[in-house]
Amino acid sequence: MALLRGLTLFLLGVRVSSLVPSNSAQNNEFNSILIAAPDGSARAAFIPFGAIATNFWVKDKHGVFRDILLGFDDHTLYQSDAEGHPYFGPIVGRYANRIRNGTFTIPISKDASGPNKFFVPRNEGNNTLHGGFDGFDRRVWQTTKVSSSSVTFTLVDPAGTQGFPGTVLTTVTYTLEPKSTWNIKIHAVASAKTPIMLSGHHYWNFEAYQESQDLVGHFVQFESSKFVATDGQLIPTGKLTPVAGTPMDFRKAKSIGASIPLTAQAQFCGSGCVGFDNCWVFDTVDQTKKPKFSMWSVNSGIKLDIFTNQPAVQVYTCNGIFNASLPIPRKATQGGPNNIYADHSCVVIENESLIDAINNPELGVDQIFGPGRPYDWESTYVFSTIQD
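Just so you know, these numbers come straight off a predicted model, no measurement behind them.

(A) Region of the structure containing the overall build of the protein. Scanning the protein from N- to C-terminus turns up 4 helices and 27 strands. Its C-alpha radius of gyration of 20 Å places the protein within 12% of the 21 Å reference for a compact globule of 388 residues. The principal-axis extent of the C-alpha atoms belonging to the protein is close to 60 × 50 × 45 Å. Looking at the 388 residues of the protein, the share that counts as buried comes to 56%. Contacts in the protein between residues far apart in sequence, at least 24 positions, make up 68% of those at least 6 positions apart. Of the accessible surface of the protein, which amounts to about 15,100 Å², a share of 54% is contributed by carbon and sulfur atoms. Computed over 30 positive and 33 negative side-chain charges, the separation of the two mean positions in the protein equals 6 Å.

Now the structure itself:
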């Protein structure tokens, strides 16, 4: 084991030195990389900046391709924030979602009350969101492998960046497979113990804004009897809350759009918020026998089944995507640029571990990785169509 750890660190050091972005690589950070499924059933586009998925095309029930992924037509907007910073389509990390007070300890302790404390930037009020001001979504990833149906990006996150310990080497491989199947694999190794929680942050509208401008026609179903309880700032309390008898219960299929107004009283998505921005814990751990999460549009007929090795899912119903002073124009494939992305018109699905478990030991999740313990994330998105 000692030999294996030493070899891993040696390889990590070699890769770190060989993957420092060059000026020529940076000049291509917004260039599209197009891939397609071998049978032509799906197409997608990516850019090295943030390892972002910018477009995703699948066929609707009429056999017509639709781009169902939100984003910017002008790829420089992903970096400039000229139209806002909604985290359209990247890999988020080094730690996805929120970290209470921007602090944690190793080993972990309740609300970072123990020794060996680390401080990371507070970029959302008193808390850290998606790794800080310079998270993985803000970095230029190296394009290390490309084929007609797959692309691999690699990122080196040096020790001390945004206050996190240890150097982390991360690779993400996006592959389109036959029958409209999208496989995503994320692998990371670290030179020292450090928290790692990664996820794809993709915004979906399965109608591409054609039949409607809301989510009433989008139905969702997944087996989860509990969700992570949070305070008004969406920071976990350390408890799990039963979904039974609440709008949070999606164990039977129902319209997610029609469910949004029902959240107003309990304000599940934070103080003064209406909608969903919550982390559910899956009841089952098997990722192969049946989908962990399903969503479909009764209007377009596009359906998604997700198989994942992650224990939880964060679902966000675009509660605050609209800003009157800085409205985001839709992509041309979604009726833009004269139309804008409106609140409650899209869904973000983040397959991940339990949020802020590094400040809540009672959740019983070990999110500290390092030498001898790599991080592996995998999700498979299987698209199909349903008829009326």
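Picking up where we left off.
(B) Fine view of the pattern of salt bridges. Tallied over the entire structure, the rule returns 15 salt bridges. Beyond isolated ion pairs, a larger network of salt bridges with shared partners links Arg94, Asp134, Arg139 and Asp157.

(C) Spatial organisation of the environment of Leu176. Along the polypeptide, Leu176 turns up in strand 12 (residues 168-177). Sequence-wise, Leu176 and Ser148 are 28 residues apart; in three dimensions their C-alpha atoms are separated by 9.1 Å. In contact with Leu176, not counting residues within four places along its chain, are Ile35, Ala36, Ala37, Pro38, Ala42, Arg43, Ala44, Phe56, Ser149, Thr181 and Trp182.

(D) The side chain of Ser300, seen in detail. With respect to the helices and strands, Ser300 occurs in the loop between strand 22 (293-297) and strand 23 (302-308). The exposure class of Ser300 is buried, given its relative accessible area of 0%. Of note is the side chain of Ser300, whose polar atom sits 3.2 Å from the backbone nitrogen of Ile302. Setting aside its immediate chain neighbours within four residues, Ser300 contacts Asp60, Lys61, Arg66, Phe206, Glu207 and Glu211.

(E) Just the packing of aromatic side chains, in detail. According to the stated counting rule, one finds 32 aromatic pairs in the structure shown. Between Trp182 and Tyr381 the ring centres are 5.4 Å apart and the planes differ by 40°, which places this aromatic pair in the tilted class. In this pair, Trp182 is assigned in strand 13 (residues 181-190) and Tyr381 in strand 27 (residues 375-385), connecting sequence segments 199 residues apart. A single burial state applies to Trp182 and to Tyr381, both of which are buried. Ring centres of Tyr209 and Tyr341 lie 5.6 Å apart, and the angle between their planes is 50°; this geometry places the pair in the tilted category.

(F) Inspection of unusual backbone geometry at higher detail. Note that the residue after Gly93, namely Arg94, is joined by a cis bond; omega there is 5°. For Arg94, the location among the structural elements is in the loop between strand 5 (91-92) and strand 6 (98-99). In this structure, the amide linkage connecting Gly336 to the following residue, Pro337, adopts the cis form with an omega of 5°. Its place among the elements puts Pro337 in the loop between strand 24 (312-316) and strand 25 (347-352). With phi around 50°, His130 is a residue other than glycine that occupies positive phi space. When you line up the elements, His130 lands in the loop between strand 9 (128-129) and strand 10 (142-146).

Parameters at a glance
- Residues numbered from 1 in each chain as written.
- Predicted model: local features only at pLDDT ≥ 70, side-chain atom pairs only at ≥ 80, totals over all residues.
- Heavy atoms only, no water.
- Helix = DSSP H or I, 4+ residues; strand = E, 2+ residues; numbered from the N terminus.
- Rg over C-alpha atoms; globule rule 2.2 N^0.38 Å.
- Buried < 20%, exposed > 50% of the residue type's maximum accessible area, 1.4 Å probe, protein only.
- Contact = heavy atoms within 4.5 Å.
- Areas by Shrake-Rupley, 256 points an atom, 1.4 Å probe, with all protein chains shown as cover.
- Lys, Arg positive; Asp, Glu negative; His and termini not counted.
- Charge placed at Lys NZ, Arg CZ, Asp CG, Glu CD.
- Salt bridge = Lys/Arg side-chain N within 4 Å of Asp/Glu carboxyl O.
- Polar contact = N/O pair within 3.5 Å; in protein donor to acceptor, adjacent residues only side chain to side chain.
- Phe/Tyr/Trp six-rings, centres within 6.5 Å; stacked < 30°, edge-to-face > 60°.

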